[in-house]
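A closer look at the structure
Chain residues, written in single-letter form:
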Amino acid sequence: MAGEGMALRLWRRLERLPLGQWLFSRVVCFKAPYFGTIAPRVTRLEPGRCEAYLRQRWRVQNHIGTVHAIALCNLAELCAGLVTDVSIPRDMRWIPQDMTVRYLKKASGRISACAQPAAELRSAAEPYPATIEVTLTDDAGQRVASAEIHMWLSPRPAGRSQRG
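So, here is what we can say about the structure in this document. (Residues numbered from 1 in each chain as written. Predicted model: local features only at pLDDT ≥ 70, side-chain atom pairs only at ≥ 80, totals over all residues. Heavy atoms only, no water.)

A short note on the overall build of the chain
Condition: Here a strand is any run of E in DSSP of at least two residues, a helix any run of H or I of at least four, and the numbering for each starts at the N terminus. Computation of the radius of gyration draws on C-alpha atoms, with the globule rule given as 2.2 Å multiplied by the number of residues to the power 0.38. Exposure classes here rest on a 1.4 Å probe applied to the protein chains alone. A residue is buried below 20% of its type maximum, exposed above 50%, and partly exposed in between.
Check the secondary structure of the chain and you find three helices and six strands. Going from N to C terminus, the chain has its helices and strands arranged as α-α-β-β-α-β-β-β-β. A compact globule built from 164 residues should have a C-alpha radius of gyration of about 15 Å, and the chain, at 16 Å, falls within 12% of that. With the principal axes as the frame, the chain shows a C-alpha extent of 50 × 35 × 25 Å. In the chain, buried positions account for 40% of the 164 residues.

Side note on the sheet that holds strand 3 (residues 92-103)
The following threshold applies: Two strands form a pair only when DSSP identifies at least two bridges running between them. Axis definition: a line fit to C-alpha positions, over the contact stretch in the case of helices; interaxial angles, taken between N-to-C directions, run 0 to 180 degrees. The contact criterion used throughout is that any non-hydrogen atoms of two residues lie within 4.5 Å.
Spatial ordering of the open sheet is given by 1-2-4-5-6-3, a layout of six strands whose pairing is antiparallel. Two strands lie at the open edges of the sheet, namely strand 1 (41-46) and strand 3, each paired on one side alone. Neighbour-to-neighbour, the strand axes of the sheet open up by a mean angle of 20°, direction not taken into account. As defined by bridge partners, strand 4 (residues 110-117) adjoins strand 5 (residues 128-137) across six bridges and the pair is classed as antiparallel. Paired with Ala113 across the bridge in strand 5 is Leu136. In this fold helix 3 (residues 69-87) packs onto strand 1, strand 2 (49-55), strand 3, strand 4, strand 5 and strand 6 (143-155), with an angle of close to 150° to the strand it touches most, strand 3.

Topic: the nonpolar core
What counts is decided by this rule: Nonpolar cores were defined as sets of buried Ala, Val, Leu, Ile, Met, Phe, Trp, Tyr and Cys residues, with membership established by side-chain atoms within 4.5 Å.
Leu45, Leu75, Ile111, Val134 and Leu136 are the most contacted members of the largest nonpolar core, which totals 44 residues. Those elements that provide at least two residues to this core are helix 1 (6-14), helix 2 (20-31), strand 1, strand 2, helix 3, strand 4, strand 5 and strand 6. The biggest single contributor to this core is helix 3, with 10 residues. Those residues in contact with Ile111 that lie beyond four places of it in its chain are Ala52, Tyr53, Leu54, Val67, Leu72, Leu75, Leu136, Thr137, Asp138 and Val144.

What follows is the structure in structure tokens.
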């Protein structure tokens, strides 16, 4: 990898500051506004791993008072996108292709997500699919959902470098 991208550089600058994780999470939500609907907090970001959580509150609840399934999907997609972004070589780009989610039990309280690539994300001359595995757990450490998010990785066009 020819150096780290903008997201990882920003994370490393902010993570240890008193409000650094909150600020980084807000920047991510500014860049991708829909994620702001779940008010996520990123707590760990490094090549090969991303962790974040959301807190149960009225905006993310369903009609039975638990965390809505789509809020869980949003948290999973956020973590999968971030871990992909900081794990791929700088000459590659990515886009989500599809997602498979398994809801294992009712989700309530603080829900944490951990995303990791199923295999190494590498440079390639041709596009290829990559799977990001995401586990979502509640405060008791019980798995409430799992997701496989398939990313499509492709080489950046010649002459176009990643911003940052």
